[in-house]
Amino acid sequence: MADTIFSKIIRGEIPCHKVYEDAHVFAFLDIGPLSRGHTLVIPKEAAATLDQLSDESSSALGRVLPRLCRAVMKASGADAYNVLQNNGALAHQAVFHVHFHIIPKFEGQPESGLGIRWLAGKLDAAEGKQLAAQIAAAIG
Ligand code: AMP
């Protein structure tokens, strides 16, 4: 996989405001924060998208992510937060190294944090039954 700016940050070749590091995971402040405390949590493994990540890195990320959410909430004084994880350019991914955004939300600051356009449809029962079976069968 091509080297990304996040691999350079992990190696210390590009500066960052680091908040956490262990054998598999690295976390630092987003350089273009959507709100105060916006933090990125990344695996050290250079996978482009979440579906390509190893079980080992995935479990290490899952283990520490809630702890980092608690820390961001505590330090920023946020009232709520979003965890965002984009995969593919179509889904707004700009850096092709897996990353989770922790994005705080503050009362009285509707313009800060993540804005979401959620155009909900309605799940057809028959299609839902078929689709759920297809997804279940595709799980490796
Ligand atoms: P995404 O659209 O999910 O790929 O988000 C990539 C994020 O990486 C954006 O929020 C950027 O602000 C952030 N970013 C890019 N370069 C850096 C950097 N050198 N240090 C910290 N954050 C960065």
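Summarised in this report is the structure supplied together with it.

### Things to note about helix H3 (residues 125-138)
Taking 1.5 Å of rise per residue, 14 residues should cover 20 Å, and H3 covers 20 Å from first to last C-alpha, within 8% of that figure. Within H3, only one of the 14 residues are buried, which leaves it mostly out in the open. Structurally, the start of H3 carries an N-cap: the backbone nitrogen of Ala126 is 3.2 Å from a side-chain oxygen of Asp124.

### Considering the site of the ligand
Looking at the ligand, there are 16 residues lining it, with Asp30, His92, Ala94, His99 and His101 nearest. The backbone of His92 places a nitrogen or oxygen atom 2.6 Å from an oxygen atom of the ligand. Within the side chain of His99, a nitrogen or oxygen atom sits 2.7 Å from an oxygen atom of the ligand. Looking at the shell around the ligand, the element that brings in the most residues is helix H1 (residues 5-10), giving three residues.

### Some thoughts on the side chain of His38
Its location among the elements puts His38 in the loop between strand E2 (25-29) and strand E3 (39-43). Sequence-distant contacts of His38, defined by excluding residues within four places in its chain, comprise Leu29, Asp30, Gly32, Pro33, His101, Ile102, Ile103 and Pro104.

### Quick notes on helix H2 (residues 55-76)
The end-to-end C-alpha distance of H2 is 31 Å, a good match for the 32 Å that 22 residues give at a rise of 1.5 Å each. For H2, the principal kink sits at Leu65 and spans about 30°; a proline, Pro66, occurs within the next four residues. Within the span of H2, buried status applies to Ser57, Ala60, Leu61, Val64, Leu65, Leu68, Cys69, Val72 and Ser76. Next to the buried residues of H2 lie strand E1 (18-21), E2, E3, strand E4 (80-84) and strand E5 (100-105). Gly77 sits one or two residues past H2 and shows a positive phi near 75°.

### Brief notes about the sheet that holds E1
Spatial ordering of the open sheet is given by E1-E2-E3-E5-E4, a layout of five strands whose pairing is antiparallel. Edge strands, defined here as strands with exactly one partner in the open sheet, are E1 and E4. Averaged over all adjacent pairs, the angle separating strand axes in this sheet is 15°, with direction ignored. Two strands pair when backbone bridges link them, and E2 and E3 are joined in this way by five bridges, in the antiparallel orientation.

Parameters at a glance
Residues numbered from 1 in each chain as written. Predicted model: local features only at pLDDT ≥ 70, side-chain atom pairs only at ≥ 80, totals over all residues. Heavy atoms only, no water. Helix = DSSP H or I, 4+ residues; strand = E, 2+ residues; numbered from the N terminus. Expected span 1.5 Å × (residues − 1). Buried < 20%, exposed > 50% of the residue type's maximum accessible area, 1.4 Å probe, protein only. Polar contact = N/O pair within 3.5 Å; in protein donor to acceptor, adjacent residues only side chain to side chain. Near = heavy atom within 4 Å. Contact = heavy atoms within 4.5 Å. Bend = angle between axes of the 7 residues up to and from the residue. Pairing = 2+ DSSP bridges. Axes fitted to C-alpha atoms, helices over the stretch in contact; angles between N-to-C directions.

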